[in-house]
Amino acid sequence: MGTIDVTERRDVVWITINAPERRNAYDLEMAQAMIAAVEGAAEARAVVLTGAGGSFCAGGALANLGDPDPVLLRQLFTTSLRLLDAIRACPRPVIAAVDGPAAGGGNELVVACDFAIATERSTFGQTGPKVGSAPVLGATNVMAVQIGERRAKEMAMLCRRYSAQHALEWGLVNEVVPDDGLDEAVERWLDEIDALSPRYLEIAKTSSNQWWHQSRDNMVANLGALIQAIGSEDMREGARAFLEKRKPDFRGARRRKS
């Protein structure tokens with residue numbers, strides 16, 4: 001079982017995704033806990049989102065996708081959108097402090113945050129079509145504004161992995177630091193934030209959400225498509241292959257279905 005650890009340091013709320021045995025993939029309860037922590041940080045100086053045990057986040061947990069419960073999976077999908085909305089609506093800056101892999105929905109968490117700082121060993125990428133899903137909550141829409149349409153399509157559709165340096169050059173992260181320098185770098189950013197007006201930071205943040213708001217209808221529509229595809233043979237095969245650590249055979253899965 002994973003947990004969401006919430007601590008407060010010098011008026012900054014630190015949210016740590018703590019499920020290292022599955023690379024900090026979050027389940028429904030963890031997503032709900034993150035929403036509560038972000039919404040509860042309205043009076044903080046800032047929010048820092050990070051992961052425990054050498055990973056940032058692998059997105060939603062895949063353990064049950066081989067034999068999915070449609071109700072629970074629908075709840076996880078819709079709650080993931082609520083989580084990303086909460087990050088965008090939070091009146092305080094939200095910093096993704098990335099150490100290790102940010103994959104799938106974890107990469108979309110980075111897209112949703114206001115700033116991102118990564119260690120040199122961190123990696124970024126989407127997993128959707130590789131595991132029988134599609135990254136519609138940021139990677140296929142807002143990320144194109146951040147890194148360009150062709151790069152975003154490459155990341156969202158081909159499921160490649162990219163280094164922290166690539167993420168920096170493309171604009172997905174703001175800074176890359178040595179593996180032992182993440183906390184120091186985050187504190188430096190927090191000190192800079194502390195010198196600014198909270199009221200006008202909020203105005204600047206909310207007015208910068210233009211592309212998120214323009215993309216949200218697209219997210220909702222395509223989330224509906226994902227929900228309709230729950231239980232499809234491609235989803236089952238992708239999840240089974242992921243859990244069995246093998247290459248998926250989507251064509252074989254469709255032949256077996258027919």
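Scroll up to find the structure this text is about.
Every value quoted in this text rests on a predicted model; they were computed, and no experiment measured them.

Counted according to the given criterion, the structure contains 0 disulfides. Cysteine cysteine 113 is unpaired, with the sulfur of cysteine 90 as its nearest cysteine sulfur at 9.9 Å. No disulfide involves cysteine 159; its nearest neighbouring cysteine sulfur is the one of cysteine 57, lying 16 Å away. Residue cysteine 159 is classed as buried on the basis of its relative accessible area of 9%.

On to the sheet that holds strand E8 (residues 162-163), then. Pairing within the open sheet is mixed, and its 3 strands lie in the order E5-E7-E8. Each edge of the open sheet is held by one strand with a lone partner, namely strand E5 (101-103) and E8. Of the strand pairs in this sheet, strand E7 (residues 123-125) and E8 are connected by 2 bridges, and their pairing is antiparallel. Residue pairing for E8: phenylalanine 124 is matched across the bridge by tyrosine 162. Seen against the sheet, helix H3 (residues 105-112) touches E5 and E7 and runs at an angle of roughly 95° to E5.

Under the definition given, this model contains 2 aromatic pairs. For the pair phenylalanine 115 and tryptophan 189, a centre-to-centre distance of 5.3 Å together with 50° between the ring planes defines the contact as tilted. Note that phenylalanine 115 is positioned in strand E6 (residues 115-119) and tryptophan 189 in helix H8 (residues 182-194), a separation of 74 residues in sequence. By relative accessible area, tryptophan 189 is classed as buried at 17%. Just above the ring of tryptophan 14 sits the side chain of arginine 9; from NZ or CZ to the centre is 3.9 Å.

Glancing now at the sheet that holds strand E2 (residues 12-18). Overall, mixed pairing links the 6 strands, which are arranged E1-E2-E3-E4-E6-E9 in an open sheet. Two strands close off the open sheet at either side, each with one partner strand: strand E1 (3-9) and strand E9 (175-177). The sheet shows a mean angle of 20° between the axes of neighbouring strands, direction not considered. One ladder, built from 3 bridges, connects E6 with E9; its direction is parallel. By the bridge assignment for E9, threonine 119 is matched with valine 177. Running at roughly 160° to E6, H8 makes contact with E2, strand E3 (46-51), strand E4 (94-98), E6 and E9 of the sheet.

Reading guide: rules and limits
Every chain is numbered independently, its residues counted from 1 as its sequence is written. Thresholds applied to this predicted model are a pLDDT of at least 70 for local features of residues and 80 or more for the giving and counting of side-chain atom pairs; totals over whole chains, interfaces and linings are not thresholded and use all residues. The basis for every side-chain value is the complete set of non-hydrogen atoms in the structure, without hydrogens or water. Cysteine sulfur atoms are paired as a disulfide whenever they come within 2.5 Å of each other. Only protein chains enter the accessibility calculation, which uses a 1.4 Å probe. A residue is then buried if its area is under 20% of the maximum for its type, exposed if over 50%, and partly exposed in between. For two strands to be treated as a pair, DSSP must find at least two bridges joining them. A run of H or I in DSSP counts as a helix once it spans at least four residues, and a run of E counts as a strand once it spans at least two, with each numbered from the N terminus. Between two residues, a contact is recorded if the distance between any of their heavy atoms is within 4.5 Å. Note on definitions: angles span 0 to 180 degrees between N-to-C directions of axes, and those axes are lines fitted to C-alpha atoms, for helices only across the stretch in contact. Aromatic pairing here means that ring centres of Phe, Tyr or Trp (its six-membered ring) are within 6.5 Å. Orientation follows from the plane angle: under 30 degrees is stacked, over 60 is edge-to-face, and everything else is tilted. Whether a charge lies above a ring is judged from NZ of Lys or CZ of Arg, which has to be within 6 Å of the ring centre and within 35 degrees of the ring normal.

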